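Survey of secondary and tertiary structure
Below, each chain spelled out in residue letters.
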Amino acid sequence: MKSKHLLVSVLLGSATLINAQAPLNIKIASAMDDHQERISGANPQSGTVGDMYVGATTLNLGNFTSSSDPTLIGLRFTNVTIPKQATNIQSAYIQFTVKGTSKNFDPCVLTIQAENSVNAAAFTDNSMSLSSRTMGSGSIAWTVGGTSWGTVGSAGTDQQTPNLKTLIQPIIFNNSWVSGNAIAFFIKGSGVREIE
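Note that the coordinates shown come from a computational prediction; the quantities given were computed from them, not determined experimentally. (Residues numbered from 1 in each chain as written. Predicted model: local features only at pLDDT ≥ 70, side-chain atom pairs only at ≥ 80, totals over all residues. Heavy atoms only, no water.)

1. Remarks on the nonpolar core
The test is simple: Working definition of a nonpolar core: buried Ala, Val, Leu, Ile, Met, Phe, Trp, Tyr and Cys residues. They are joined through side-chain atoms within 4.5 Å. Burial classification: accessible surface area is computed with a 1.4 Å probe over protein chains only, and a residue below 20% of its type maximum counts as buried, one above 50% as exposed, and the rest as partly exposed. Under the DSSP-based scheme used, a helix requires at least four consecutive residues in state H or I and a strand at least two consecutive residues in state E, with every element numbered from the N terminus.
Ranked by internal contacts, the top residues of the largest apolar core, which has 34 residues, are Leu 75 and Phe 185. Mapped onto this core, the elements with two or more residues apiece are strand 3 (24-27), strand 6 (59-62), strand 7 (71-80), strand 8 (88-95), strand 10 (108-114), strand 11 (140-144), helix 1 (165-172) and strand 12 (181-189). Core analysis: the next-biggest nonpolar cluster, separate from the first, contains eight residues, Ile 39, Ala 120, Leu 130 and Phe 186 among them.

Here it is in structure tokens:
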């Protein structure tokens, strides 16, 4: 569960008077907040669709292997202290660390979505705990690249998602959002990257 961070930079105020809030750096707090689920896809599954993999120190973005076993990754960040209706999120991204390199497979093209919830509940070990969640309407494409994926321990810009502010903004603009609530993100796609 370590080494996955949500980094958010927020500016509060108007164009004439800007009050800069310190950037947020939120780590995954619990083993119940990062999960991996087998899902159906263009490639076959060698296991049962819906099976959960919890408590693992390694997560596989895309597939378990180069040619099979598509996965859905769920990442839940708690205590997201963004004020309700903050109007100017400058940037927001998830920072990963390279855990292994033996399975790297290209092209690695991923889709990131956020749960349509103003306070995402902790994941469970039940079958389809991730895929049963309701996703927001938006998504972000991430074509993973860069040479640093070949080095275990790398945690640079290659391992950062694209800017996720368009996924966060609708959540915090909901009238029921409360600063300190939880936000969950979900990642699936093709290729393989081993992350922690």
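That covers the picture; the talk isn't over yet.
2. Concerning the packing of aromatic side chains
For the record, the criterion: Stacked, tilted and edge-to-face are the three classes applied to pairs of Phe, Tyr and Trp rings, where Trp contributes its six-membered ring and a pair requires centres within 6.5 Å; stacked means planes under 30 degrees apart, edge-to-face means over 60, and tilted covers the rest.
What the rule picks out here adds up to three aromatic pairs. Ring centres of Phe 77 and Phe 185 lie 6.2 Å apart, and the angle between their planes is 65°; on these two criteria the pair is classed as edge-to-face. With Phe 77 in strand 7 and Phe 185 in strand 12, this residue pair connects regions lying 108 residues apart in the sequence. When sorted by exposure, Phe 77 lands in the same class as Phe 185, which is buried.

3. Things to note about the pattern of salt bridges
In plain terms, the rule: By definition, a salt bridge exists where a carboxyl oxygen of Asp or Glu is found within 4 Å of a side-chain nitrogen of Lys or Arg.
Here the structure, examined in full by the defined rule, presents five salt bridges. Of the charged contacts in the structure, one is a salt bridge between Arg 76 and Asp 33, with a shortest N-O distance of 2.8 Å. Placement of Arg 76 in strand 7 and of Asp 33 in the loop between strand 3 and strand 4 (34-38) is noted, with a sequence separation of 43 residues between them. Judged by relative accessible area, which is 13%, Arg 76 ranks as buried. On the basis of relative accessible area, Asp 33 is assigned to the buried category, the value being 2%. In this structure, Arg 193 and Asp 106 form a salt bridge, with 2.7 Å as the shortest nitrogen-oxygen distance. Residue Arg 193 is found in strand 13 (residues 192-195), and its partner Asp 106 is found in the loop between strand 9 (98-105) and strand 10; the two are separated by 87 residues along the sequence.

4. As for the confidence of the model for the protein
Quick note on the threshold: Scored from 0 to 100, pLDDT records how confident the predictor is in each individual residue. The contact criterion used throughout is that any non-hydrogen atoms of two residues lie within 4.5 Å.
A residue-level look at the protein finds 86% of positions with pLDDT of 70 or above and a mean pLDDT of 85. For the protein, per-element mean pLDDT is lowest for strand 2 (residues 18-20), which scores 42, and highest for strand 11, which scores 97. With pLDDT under 50 throughout, residues 10-20 is counted as low confidence; its partners more than four residues away or in other chains account for 18 contacts.

5. Remarks on the sheet that holds strand 6
Whether parallel or antiparallel, the strands of a sheet pair through hydrogen bonds between backbone atoms. Put simply, the test is: At least two DSSP bridges between two strands are needed for those strands to be called paired. Every axis in this analysis is a line fitted to C-alpha atoms, fitted for helices over the stretch in contact. Angles between the N-to-C directions lie between 0 and 180 degrees.
Taking strand neighbours across the sheet as the criterion, the three strands line up as 6-13-9 in an open arrangement whose pairing is antiparallel. At either margin of the open sheet sits one strand with a lone partner, and together these are strand 6 and strand 9. Neighbour to neighbour, the strand axes of the sheet diverge by 20° on average, direction disregarded. Sheet topology note: the strand 9/strand 13 ladder contains three bridges and is antiparallel. Across the sheet, the residue bridging to Gly 100 is Glu 194, located in strand 13.

6. So, the pairing of strand 7
Remark: a regular strand shows side chains that alternate across the two faces of the sheet. When you tally the buried positions in strand 7, you get eight out of ten residues, the bulk of the element. Pairing between strand 4 and strand 7: five bridges, direction antiparallel. Note on strand 7: the bridge partner recorded for Asp 34 is Leu 75.

7. As for the environment of Ser 129
Just so we agree on the cut-off: Under the rule applied, a polar contact is a pair of N or O atoms within 3.5 Å (in protein, one hydrogen donor and one hydrogen acceptor; residues adjacent in sequence only if both atoms are side-chain atoms).
Residue position: Ser 129 is located in the loop between strand 10 and strand 11. The class for Ser 129 is buried, based on a relative accessible area of 6%. The spatial distance from the C-alpha of Ser 129 to the C-alpha of Met 52 is 7.5 Å, given a sequence separation of 77 residues. Separated by 3.0 Å, the side chain of Ser 129 and the backbone nitrogen of Thr 124 make a polar contact.

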